[in-house]
Amino acid sequence: MTSEEHKALVQRFWEEVFNQKRLERAGAYVTQDYLDHGALPGQGPGLEGAKRQRWALYFAAIPDLHATIDDLVAEGDKVSVRFTVTGTQVGELMGVPPTGKRFHVGAICIYRIAEGKVAEQWEQIDMLGLMRQLGAIPVPAQQPT
Amino acid sequence: MSTEVNKQLVLRWKTERNAGNVRVADDLCAPDVVLHMSGLPTPGPVCGLEAFKPLFAAYLTAFEFHSMPEFLIAEGDIVAIHEIFQLNHVGPFQGIPPTGKDLTVASAEIYRIANGKFVECWVEADMLGLLRQLGVLSLPEHAAS
């Protein structure tokens, strides 16, 4: 696959599995032995662990979860994606009780592609910003740094 | 600039940062550089080299850095990286006195480069994890991830 095909794969994966919440389609885009560097505590291995113990929890907590891709670059077997993620937290999210609050945070995810599917991912979502917007963590007083 | 040259700029930035060299910002950042970074005390991007330098200096006062990117992905005018920061907390950070703690913080970053200078940077570092390792956050167990 070319870099352009890798980018298209990641775009389709996000649109179909996350924006359309079609979790049953994840296997079309992700390898069974997928390695998730953003795994939650207690998340089982591979694709099944990510589906059941991460993505399904996100969808239950944030049914209107939506990611807009701001930037996509690829080289070799990797693709980097910069997103803006929005949603409304209506269910428990990582220990935070439902708040009904809308949030808007940045994220950068990097994917390694092998044999036409996502085999590994490194994910950084602005969880501090998310927790602050949900009111789970106080917003600090202004400091010089 | 070739993508290889752009990668070398990012690696030089990291090497100089590890050496505590604040002045590297004058060499590698455009005067109108824009930084988008999670976890800043004030919302919104940091605009311009003169606003960026005191922030960078404050981070280098707070932390000694001992890490380099795990990998770089370059295409066009963009370089994306993933890094596991190895930090030692040696100075005050956002009002937190130095703890002497060693910290491990994952970061995904994107640099947009023009004419050999950074013109726009996005840094999504695990600032939630950083604050938690500093012992200043009490959070529901799951939100720690």
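The rules behind these values
Residues numbered from 1 in each chain as written. Chains lettered and ligands numbered in written order. Predicted model: local features only at pLDDT ≥ 70, side-chain atom pairs only at ≥ 80, totals over all residues. Heavy atoms only, no water. Phe/Tyr/Trp six-rings, centres within 6.5 Å; stacked < 30°, edge-to-face > 60°. Helix = DSSP H or I, 4+ residues; strand = E, 2+ residues; numbered from the N terminus. Buried < 20%, exposed > 50% of the residue type's maximum accessible area, 1.4 Å probe, protein only. 1 Å grid on protein atoms, 1.4 Å probe; cavity = no way out; pocket = protein on both sides within 12 Å on 5 of 7 lines; lining within 4 Å. Points joined across faces, edges and corners; volume = space filled by probe spheres on them. Nonpolar A, V, L, I, M, F, W, Y, C, P; charged D, E, K, R; others polar. Contact = heavy atoms within 4.5 Å. Buried area = accessible area lost by both parts, 1.4 Å probe. Salt bridge = Lys/Arg side-chain N within 4 Å of Asp/Glu carboxyl O.

A. Main features of the packing of aromatic side chains. Residues and elements named next belong to chain A. By the definition in use, this model includes 19 aromatic pairs over all chains. Relative to Y111, the ring of F13 lies with its centre 6.1 Å away and its plane at 90°, an arrangement referred to as edge-to-face. Taken together, the residues F13 in helix α1 (residues 3-19) and Y111 in strand β4 (residues 102-114) connect sequence positions 98 residues apart. Each of the two residues, F13 as well as Y111, counts as buried. With 5.9 Å between their ring centres and 80° between their planes, F18 and F59 make a pair best called edge-to-face.

B. How the structure looks around the layout of surface pockets. Here the largest pocket is characterised by a volume of approximately 640 Å³. Forming the boundary of the largest pocket are 30 residues, of which G106(A), D126(A), M37(B), S38(B) and G44(B) lie nearest the centre. Taken together, the elements giving at least two residues each to the lining of the largest pocket come down to β3 (78-88), β4 and α3 (127-133) of chain A together with β1 (29-37) and β7 (117-125) of chain B. Of all the elements, β4(A) adds the most residues to the lining of the largest pocket, at five residues. Per-class residue counts for the lining of the largest pocket are 14 nonpolar, eleven polar and five charged.

C. Inspection of the interface of chain B and chain A at higher detail. Opposite the 41 residues of chain B that make contact, chain A presents 34 residues. Counting each side, the surface lost to burial between chain B and chain A is near 3,100 Å², with a carbon and sulfur contribution of 67%. Applying the counting criterion to the chain B and chain A interface returns two salt bridges. The salt bridge involving K7(A) is made with E75(B); its shortest N-O contact spans 2.8 Å. Contributions of two or more residues to the side of chain B that touches chain A are made by α1 (3-18), α3 (49-62), β4 (69-75), β5 (78-89), β6 (102-114), β7 and α4 (127-133) of chain B. Looking at the side of chain B that touches chain A residue by residue, the classes come out as 25 nonpolar, nine polar and seven charged.

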